[in-house]
Amino acid sequence: NETLKLLLLKEIKEKKLYRSLGLTWVKYCESLGENWRTIDAKLEKFAPLEDFSVNLADLSQIPFKQISMIGTAISAENVKKVGDDEISVGEQVFRLIPEDVVPINTAVKVLAAEHKKQVEDKEKDISALRWMNEDKEKQIQKLHKEIESSDSAAKKAGYANASEAKYVKKIENLRIR
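Rules and cut-offs
- Residues numbered from 1 in each chain as written.
- Predicted model: local features only at pLDDT ≥ 70, side-chain atom pairs only at ≥ 80, totals over all residues.
- Heavy atoms only, no water.
- Helix = DSSP H or I, 4+ residues; strand = E, 2+ residues; numbered from the N terminus.
- Buried < 20%, exposed > 50% of the residue type's maximum accessible area, 1.4 Å probe, protein only.
- Contact = heavy atoms within 4.5 Å.
- Salt bridge = Lys/Arg side-chain N within 4 Å of Asp/Glu carboxyl O.
- pLDDT = per-residue confidence, 0-100.
- Core = buried A, V, L, I, M, F, W, Y, C linked by side-chain atoms within 4.5 Å.
- Arc of directions from axis to C-beta.
- Polar contact = N/O pair within 3.5 Å; in protein donor to acceptor, adjacent residues only side chain to side chain.
- Expected span 1.5 Å × (residues − 1).
- Phe/Tyr/Trp six-rings, centres within 6.5 Å; stacked < 30°, edge-to-face > 60°.

### Some details on the overall build of the chain
Move 1: Secondary structure summary: the chain contains 7 helices and 3 strands in total.
Move 2: What you see in the chain, going N to C, is helices and strands ordered as α-α-α-α-α-β-β-β-α-α.
Move 3: A total of 177 residues make up the chain; the buried ones form 25% of that total.
Move 4: Pairs at least 24 apart in sequence give 44% of the contacts found in the chain among residues at least 6 apart.

As structure tokens, this is what we get:
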């Protein structure tokens, strides 16, 4: 059982039992044919469960994938510790026992689906904003070309730029009246 194996590795690491073999944590993991980073990443999934008084025998019956989901969810805002061996997922309260694993998973999946929808909505908003920015950028480039064209025509007429040419025309129009 992967869960039991990881629980044992967690204890070995925390108590530094690998040192009695004259090994470092990295070398010990290698001796098991595992990458230490992979094991550490998996052990991190247990960290949120440390606050609970969970019976090792009960926890060892829960598949690691489910513990991983629960641990990840506990790290999130919507899952909180309620009692010594209880968590709340959204509005629902569950005990950390094998019998509640399926309902906990269901609740976590519902939260994940809600989060995914929120992310998709934000991505749509970002996409719309990007489109608006691209449109504004095109408008800016068009105006910039118009200014360059006006400045070029003004320079051919002997003015420094289009603004000077406009100013001179205004003055001439005032004199004509």
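### Looking at the pattern of salt bridges
Move 1: Per the stated rule, a full pass over the model turns up 5 salt bridges.
Move 2: Two residues, D40 and K13, come together in a salt bridge whose shortest N-O distance is 2.8 Å. With a gap of 27 residues between them, D40 in helix α3 (residues 36-44) and K13 in helix α1 (residues 2-14) connect regions that are remote in the sequence.
Move 3: The class for K13 is partly exposed, based on a relative accessible area of 29%.
Move 4: For E30, the salt bridge goes to K27, with nearest N and O atoms at 3.8 Å. Of the two residues, E30 and K27 are both situated in helix α2 (residues 25-31); the distance of 3 residues between them amounts to about one turn of the helix.
Move 5: Relative accessible area serves as the criterion here: at 48%, K27 is assigned to the partly exposed category.

### Considering the confidence of the model for the chain
Interpretation of this model should avoid reading the predicted coordinates in detail wherever pLDDT is low.
Move 1: For the chain, per-residue confidence averages 78 on the pLDDT scale, and 73% of positions sit at 70 or higher.
Move 2: When mean pLDDT is compared element by element in the chain, α2 scores highest at 93, while helix α4 (residues 56-60) scores lowest at 51.

### A closer look at the nonpolar core
General note: in soluble globular proteins, nonpolar side chains tend to be found buried as a group.
Move 1: Within the largest apolar cluster, 9 residues are counted, these being L6, L9, I12, Y18, W25, Y28, C29, I39 and L43.
Move 2: Membership of the second largest hydrophobic core comes to 6 residues, among which are I87, F94, L96 and V108.

### Here we look at the side chain of D40
Move 1: For D40, a relative accessible area of 14% puts it in the buried group.
Move 2: Leaving out residues up to four positions away in the same chain, D40 has contacts with K13 and W25.

### Structural notes on α3
Move 1: For α3, the complete set of buried residues consists of I39, D40 and L43. The buried residues of α3 occupy an angular sector of 100 degrees when projected down its axis, which confines them to one face. More than 90 degrees from the buried face of α3, the exposed residues found are R37 and E44.
Move 2: Of the residues flanking the start of α3, the one acting as N-cap is N35, its side-chain oxygen 2.6 Å from the backbone nitrogen of R37.

### Side note on the side chain of K10
Move 1: Within the secondary structure, K10 is located in helix α1.
Move 2: Its relative accessible area of 14% is what places K10 among the buried residues.
Move 3: Within polar-contact distance, the side chain of K10 engages the side chain of E14 at 2.5 Å.

### Side note on helix α7 (residues 162-176)
Move 1: Taking 1.5 Å of rise per residue, the 15 residues of α7 would be expected to cover 21 Å, and the 21 Å separating its terminal C-alpha atoms lies within 8% of that figure.
Move 2: The backbone nitrogen of S163 lies 3.1 Å from a side-chain oxygen of the residue at the head of α7, namely N161.

### Here's the deal with the packing of aromatic side chains
Move 1: Summed over all chains, the structure comprises 3 aromatic pairs.
Move 2: Aromatic side chains Y18 and W25 sit 5.6 Å apart centroid to centroid with 55 degrees between the ring planes, which places their arrangement in the tilted category. The burial state of Y18 is the same as that of W25; both residues are buried.
Move 3: The structure contains a cluster of three or more aromatic residues connected by ring pairs, namely Y18, W25 and Y28.

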